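Residue-level structure breakdown
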Amino acid sequence: MDSFVIEGGTPVQGEVAISGSKNAALPILCSSILADDTCTYQKIPDLRDIRTIIEVLSNLGMQVSGVDESCVLIEPTQITSQEAPYELVKSMRASILVLGPLLAKYGKAKVSLPGGCAIGVRPIDMHLKGLAKMGAEINLSHGYVVASAKQLKGARIVFDKPTVGGTENIMMAATLAKGTTVIEGAAKEPEVVDLADALTRMGAHISGAGSSTVSVEGVKSLTGLEYEVIPDRIETGTFIAAAAITHGQLMITGVRHDLIVSVVEKLRETGVIIKEIGQGKLFVDGRCEIRPIDVVTAPYPGFPTDMQAQIMALSCIGVGVSSITETIFENRFMHVPELMRMGANLEEKGTTVIVRGIKQFQGASVMATDLRASASMVLAALNAKGLTEIRRIYHLDRGYEELDMKLKSIGARVERIRGDL
Ligand code: EPZ
């Protein structure tokens, strides 16, 4: 297992480009199952999770090829199986997003239950209830969801709380259902909107994506498409935090300002200067004292849970007392003990962590536990006095494209140490 060794204390400087969004690409690649001909996708980031979903789609019999470093071409019509096996799904729970499309297009699906992950149980009950409401027969058997439906029918589906994956699965299933489906309490995340835009380009009839009520009028079939996914808003926030925590200056390109309003607002509260420059550029000046902040994660457009660990790392070097409250996942503080090993003064109180500012992190050996926790350790290491070794960096490779190369290109002292498997 690879690890990073980082020598902290160097302000980042220069320019870095944001990759395509992992959480937009994953459902959009799954939506190719619905297409009657070739789908070409641009700005697909080269990540472990993307390679896993491509393996799941290839395992269904679809022809998937990488045209160049960020373009993926899918021929969906050669599909020979409707099964997503445990070996693949266990390593990437978003594989459950093939369920809706398979049911809608082929009337059957056998998808391994994703199981929990480090940050929580992460059930899929709302996905399954919604599909059942659309007429699917759903059975759980030996760790698999075994589903069938002669013809899905439109239904009114009410989510008791927003679910990004649930909204995406139902939206995809509804595109080929008979009649109209209305999703009340839908997730409003930009990745849901990006999926809706891609489906619309394939001929789907969707309205209200990005609001809490999404309506989908079923159609007979969907064509292929050419599509470019949105930039990764969480990678963007992570690099803003990198400039802030190292008191550096950074130009970030390929940014969609409208997707990161709550993140920029909260980071500006720390005193960091963030200037929106036209054509998708953001200039960050972190040469300031970090002021204390209070953060409560929330569904979009609130402060994203996927930035919680990163902003906690930044607030650790702030003056005064900050508070970070996690409201989405039940176990998303795995980075707390690791940050404390690096000298952070943190006190967990239920769903809130109280952060008392320290001057600077101390380098230490730490262990990555989940994707965004490992990002927070990288940020802490960039600030730290001395060397930090972060083990199990495969967590990071799931969601950040060539992070070590990108950090090196802006002056950070990062080495990837290749470990044995
Ligand atoms: C998506 O996960 C993202 N992943 C997550 O990003 C992100 O943290 C999350 O949305 C919240 O924004 C992808 O898009 C691939 P949810 P998802 O369904 O869809 C509960 C990252 O770091 N829930 O919106 O799985 C669930 O347990 C990852 O990139 C049910 O109870 O999240 C959670 O508490 C991590 N029943 C809450 O809802 C269900 O049927 C929100 O989950 C579904 C969800």
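In what follows, the structure referred to is the one given above.
For the structure given in this document, a descriptive report is provided here.

Rules used throughout
- Residue indices follow the written sequence of each chain, beginning from 1 at its first position.
- Only residues with pLDDT of 70 or above have their local features reported here, since the model is predicted, and side-chain atom pairs are shown and tallied only from 80 upward, although totals for entire chains, interfaces and linings are computed over all residues.
- Values shown for side chains rest on all heavy atoms present in the structure; no hydrogens or waters enter the calculation.
- Numbering of helices and strands starts at the N terminus; helices are DSSP runs of H or I of at least 4 residues and strands are runs of E of at least 2.
- Radius of gyration means the value over C-alpha atoms here, while the globule rule gives 2.2 Å times the residue count to the 0.38 power.
- Note on contacts: a residue pair qualifies if any of its non-hydrogen atoms lie within 4.5 Å across the two residues.
- Reported accessibility uses the Shrake-Rupley method at a 1.4 Å probe radius. Residues are deemed covered only where the shown protein chains occlude them.
- A residue counts as positive if it is Lys or Arg and as negative if it is Asp or Glu; His and the chain ends are not included.
- Where a charge sits is defined by one atom per residue type, namely NZ (Lys), CZ (Arg), CG (Asp) or CD (Glu).
- Paired strands, as defined in this entry, are two strands with at least two bridges between them according to DSSP.
- Interaxial angle, 0 to 180 degrees, is taken between N-to-C directions of lines fitted to C-alpha atoms, where a helix line uses only the stretch in contact.
- Pairing of aromatic rings covers Phe, Tyr and Trp, the last through its six-membered ring, and needs centres within 6.5 Å; plane angles under 30 degrees mean stacked, over 60 mean edge-to-face, and all others mean tilted.
- By definition here, charges over rings are those cases where NZ of Lys or CZ of Arg is within 6 Å of the ring centre and within 35 degrees of the ring normal.
- By the definition adopted for this analysis, an angle is roughly parallel if under 35 degrees, roughly antiparallel if over 145, roughly perpendicular if from 65 to 115, and oblique otherwise.
- Each residue is assigned to one of three groups, with Ala, Val, Leu, Ile, Met, Phe, Trp, Tyr, Cys and Pro labelled nonpolar, Asp, Glu, Lys and Arg labelled charged, and all others, Gly among them, labelled polar.
- Under the rule applied, a polar contact is a pair of N or O atoms within 3.5 Å (in protein, one hydrogen donor and one hydrogen acceptor; residues adjacent in sequence only if both atoms are side-chain atoms).
- Expected span, for any helix, means 1.5 Å times one less than how many residues it has.
- When accessible area is computed with a 1.4 Å probe and restricted to protein chains, residues below 20% of their type maximum are described as buried, those above 50% as exposed, and intermediate ones as partly exposed.
- A molecule or strand has a residue near it when one of that residue's heavy atoms lies within 4 Å.
- Less than a right angle of anticlockwise turn of the near helix away from the far helix marks a crossing as left-handed, whereas a clockwise turn marks it as right-handed.

What follows covers the overall build of the protein chain. For the protein chain, the count of helices and strands is 14 helices and 24 strands. For the protein chain, the C-alpha radius of gyration of 21 Å lies close to 22 Å, the compact-globule estimate for 421 residues. Reported as C-alpha extents along the three principal axes, the dimensions of the protein chain are approximately 65 × 45 × 40 Å. Pairs at least 24 apart in sequence give 73% of the contacts found in the protein chain among residues at least 6 apart. In the structure as shown, the protein chain presents an accessible area of about 16400 Å², 51% of it carried by carbon and sulfur atoms. Across the protein chain, the centroid of the 43 positively charged side chains sits 3 Å from that of the 48 negatively charged ones.

What follows covers the sheet that holds strand S22 (residues 365–367). Reading across the sheet, the 4 strands line up as S22-S23-S1-S24 and stay open at both edges, with mixed pairing between neighbours. In the strand order of this sheet, the two ends are held by S22 and strand S24 (413–417), each with one partner. Between one strand axis and the next, the sheet turns by 20° as a mean value, whatever way the strands run. As defined by bridge partners, S22 adjoins strand S23 (residues 387–391) across 3 bridges and the pair is classed as parallel. Paired with Ser365 across the two strands is Glu389, which belongs to S23. Taken strand by strand, helix H12 (residues 371–383) contacts strand S1 (3–7), S22, S23 and S24, and its axis lies near 30° from that of S1.

Moving on, we come to the environment of Gly8. Structurally, the position occupied by Gly8 is in the loop between S1 and strand S2 (13–17). Expressed as a C-alpha distance, the spacing of Gly8 and Met367, which sit 359 residues apart in the sequence, is 17 Å. In this view, Gly8 contacts Ala381, Leu382, Ala384 and Gly386; residues no more than four positions away in its chain are not counted.

We now examine the packing of aromatic side chains. Considering all chains together, one arrives at 0 aromatic pairs under this definition. Lying over the aromatic face of Tyr144, Lys110 brings its terminal NZ or CZ to 4.9 Å of the ring centre.

Once that is clear, we can look at the packing of helix H8 (residues 233–245) against helix H10 (residues 308–316). For the pair H8 and H10, interaxial distance at closest approach is 10 Å and the crossing angle is 10°. In terms of axis orientation, H8 runs roughly parallel to H10. In this structure, H8 uses Ile234, Thr238, Ala244 and Ile245 to contact H10, whose residues at the interface are Gln310, Ala313 and Leu314. Each residue belonging to the contact of H8 with H10 can be placed in one class, and the counts come to 5 nonpolar, 2 polar and no charged.

Relative to the helices and strands, Thr325 resides in strand S19 (residues 321–325). Here Thr352 takes part through its side chain, which lies 2.7 Å from a polar atom of the side chain of Thr325.

Right, let's get into H12. Taking 1.5 Å per residue, 13 residues should reach 18 Å; H12 reaches 19 Å between its end C-alpha atoms and fits that length. Extensive coverage of H12 is indicated by the burial of 13 of its 13 residues.

A word on the site of the ligand. With respect to spatial proximity, 23 residues lie near the ligand, and among them Asp125, Met126, Thr163, Asp306 and Ile328 are the closest. With respect to the ligand, the backbone of Pro123 contributes an N or O atom lying 3.4 Å from an oxygen atom. Notes on the ligand: free accessible area 830 Å², of which the protein chains cover 88%. Looking at the shell around the ligand, the elements with two or more residues in it are helix H1 (22–31), helix H5 (125–133), helix H6 (164–174) and H12. Along the lines of polarity and charge, the residues of the shell around the ligand split into 10 nonpolar, 5 polar and 8 charged.

As a further point, take the packing of H5 against H6. When two helices pack together, their arrangement is given by the angle between the helix axes and the distance between those axes. As a packed pair, H5 and H6 sit with axes 8 Å apart at the nearest point and diverge in direction by 25°. Here H5 is positioned roughly parallel relative to H6, judged by the angle of their axes. Considering how the two elements wind past one another, H5 and H6 form a crossing that is right-handed. In this structure, H5 contributes His127, Gly130 and Leu131 to the contact, and H6 contributes Gly165, Gly166, Asn169, Ile170 and Ala173. Residue composition of the contact of H5 with H6, grouped by class: 3 nonpolar, 5 polar and no charged.

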